[in-house]
Amino acid sequence: MIQKLASTFAICLTVLLTIGPGAGFGFAQQAAAASRIKDIASLQAARDNQLIGYGLVVGLQGSGDGLRNSPFTEQSLRAMLQNLGISTEGGASRANNVAAVIVTANLPPFASVGSRVDVTVSSLGDATSLRGGTLVMTSLSGADGQIYAVAQGSVIVSGVQAEGDAATLQQGISTSGRLPGGAIIEREIPATFKSVGGLVYQLRNPDFSTAVGMADVINAYAEARYDGPIAEARDSTTVAVRKPGNADLARLTAELENLVVETDTPARVVINEKTGTIVIGNDVRVSKVAVSHGTLTVQINETPTVVQPAPFSDGVTAIEPLTDITAGVDGGQVAIIDGPDLRTLVAGLNSIGVKPDGIIAILQGIKSAGALHAELVLQ
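My aim in this report is to walk through the structure given alongside it, one point at a time.

Cut-off values and rules
Counting restarts for each chain, with residues numbered from 1 along the sequence as it is written. Where local features are concerned, this predicted model is filtered to residues with pLDDT of at least 70; where side-chain atom pairs are given and counted, the filter is 80 or more; whole-chain, interface and lining totals use all residues. With hydrogens and water stripped out, all remaining heavy atoms of the structure feed into the side-chain values. Numbering of helices and strands runs from the N terminus, with a helix taken as a DSSP run of H or I at least four residues long and a strand as a DSSP run of E at least two residues long. Pairs of residues are marked as contacts when any of their non-hydrogen atoms sit within 4.5 Å. Per-residue accessibility takes into account occlusion by the displayed protein chains alone, with areas from the Shrake-Rupley method and a 1.4 Å probe. Pairs of strands are assigned from DSSP output, requiring at least two bridges between the strands. Axes here mean lines fitted to C-alpha atoms, for a helix over just the part in contact, with angles spanning 0 to 180 degrees between N-to-C directions. Under the scheme applied here, a residue whose accessible area is under 20% of the maximum for its type counts as buried, over 50% as exposed, and between as partly exposed, the area being computed with a 1.4 Å probe on protein chains only. How far a helix is expected to stretch is found by multiplying one less than its residue total by 1.5 Å.

### Considerations on the overall build of the protein chain
(1) Moving on: Counting its secondary structure elements, the protein chain contains seven helices and 25 strands.
(2) Moving on: The long-range fraction of contacts in the protein chain, counting pairs at least 24 apart against all pairs at least 6 apart in sequence, stands at 72%.
(3) Moving on: Summing over all exposed atoms, the protein chain offers an accessible surface of approximately 22,000 Å²; the carbon and sulfur share of this is 53%.

### Here's the deal with the sheet that holds strand S13 (residues 198–203)
(1) Moving on: Pairing in this open sheet of four strands is antiparallel, and the strands run S4-S13-S15-S14 from one edge to the other. The two strands at the open ends of the sheet, each matched to only one other strand, are strand S4 (41–43) and strand S14 (231–233). The sheet shows a mean angle of 25° between the axes of neighbouring strands, taken without regard to direction.
(2) Moving on: Pairing of S14 with strand S15 (residues 238–242) involves three bridges; the strand directions are antiparallel. The residue of S15 that forms the bridge with alanine 233 is valine 239.
(3) Moving on: Lying over the sheet, helix H4 (residues 208–225) contacts S4, S13, S14 and S15, oriented at roughly 170° with respect to S14.
(4) Moving on: Sitting on the sheet, helix H5 (residues 249–256) is in contact with S4, S13 and S15, with an inclination near 35° to S13.

### Some thoughts on the pairing of strand S6 (residues 98–107)
(1) Moving on: The element S6 is extensively covered by neighbouring structure, given that seven of its ten residues are classed as buried.
(2) Moving on: As paired strands, strand S5 (residues 49–58) and S6 are joined by ten bridges and run antiparallel to one another. When the bridges of S6 are listed, glycine 55 appears paired with valine 101.
(3) Moving on: Where S6 and strand S7 (residues 116–123) come together, four bridges link them in antiparallel fashion. If you follow valine 101 over to S7, its bridge partner there is serine 123.

### Some remarks on unusual backbone geometry
(1) Moving on: Here the phi dihedral of phenylalanine 110 falls at roughly 60°; this positive angle occurs in a residue that is not glycine.
(2) Moving on: Summarising the element assignment, phenylalanine 110 is placed in the loop between S6 and S7.
(3) Moving on: The exposed category is assigned to phenylalanine 110, whose relative accessible area is 51%.
(4) Moving on: Despite not being glycine, aspartate 227 shows a phi value in the positive range, around 60°.
(5) Moving on: Here aspartate 227 shows up in the loop between H4 and S14.

### Here's the deal with the pairing of strand S9 (residues 147–154)
(1) Moving on: Pairing between strand S8 (residues 134–141) and S9: six bridges, direction antiparallel. What sits directly across from serine 141, in S9, is isoleucine 147.
(2) Moving on: Where S8 folds back on S9, the antiparallel hairpin that results is connected by five residues, among which glycine 145 adopts a positive phi of roughly 85°.
(3) Moving on: Across three bridges, the pairing between S9 and strand S12 (residues 176–185) is antiparallel. Within S12, the residue paired with valine 150 across the bridge is isoleucine 184.

### A few points about the sheet that holds S6
(1) Moving on: Ordered in space as S5-S6-S7-S12-S9-S8, the six strands form a closed barrel in which the pairing is antiparallel. On average, each strand axis in the sheet is tilted by 30° relative to the strand beside it, whichever way the strands run.
(2) Moving on: Contacts between helix H3 (residues 71–83) and the sheet are confined to S5, S6 and S8, with S5 contributing the most and set at about 85° to the helix.

### Focus on H3
Helical geometry: 3.6 residues make up each α-helical turn, so side chains three or four residues apart lie on a common side.
(1) Moving on: Spanning 13 residues, H3 covers 19 Å between terminal C-alpha atoms, matching the ideal 18 Å at 1.5 Å per step.
(2) Moving on: Where H3 is buried, its residues meet S5, S6 and S8.
(3) Moving on: Positive phi appears at glycine 85, one or two residues downstream of H3, with a value of about 85°.

In structure tokens, the structure reads:
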């Protein structure tokens, strides 16, 4: 019988030498990623608005809500039929081809009346599948209670579910689906874009270096185009742009969003211990370290022996236990990693046969030893 007591028994990390300023200067001078302003920032005035509604999906092939278990479905069905002029008083409905759903959508900025948006429907009751169903006209409201869109159409379901007497197969989710372009906008959000005196950009990844660099790029463009600076970095997230007196705000936005900015991000290592995923940032630095990694294996062999009593004695046959225990450490090599970045470290760890779970444990140890000059994010 073999028992693995620990996948990682010993991780010995010793900081041997810290790279000096002169040696590390060459590594710090790396080209940052260049991106357009439209790719790294969004306009504060151009934001989506979430819509929600309650509706019914009909036409299901026996996979709808059980009306006894979902009384709100039956109430909604009766109310819809009454609005269509059909009386349902005194009759008990046993239809199982109807499902109550929650309908959600995002209203994009500057959307006009008559344009279409995508819609997502999700089952609210105990329906088993929405495949083949049709969403009945459903109003979609915003946070202010006003109706901004109306959705209707066939539901597209990507999930598949099949079952038999002894087995069930399910791939994806069949109780939710989409309606591409299934909602028509009936009310516009009042547009104030042209009336504001400037633009406010919000960085998707807040960083002071990126915000200041973005303001500098905009001002360099404005010096040549409008004879003066117009941008200011307020903080790590916000860059404010003043509208020049002779400029059109829409044209100014189109000109600025294609300017290229050198982006920067903090050094970060992201580790997901559940999946063994390791994501390493470009600017991660590691001091010179020595790493020892090994796995303790304990082997237990049970070889019981049969003991016979002496002849003509009153003894009985017995089994005498015999246990043999051996222990050993596999691997255990000591590797000195002299790496200016984490890529060299991981290459060195791979050279001594360390698996991803071992690398994760070693990275945590390097961080504790103070040799990993980056933020360690555990998921």
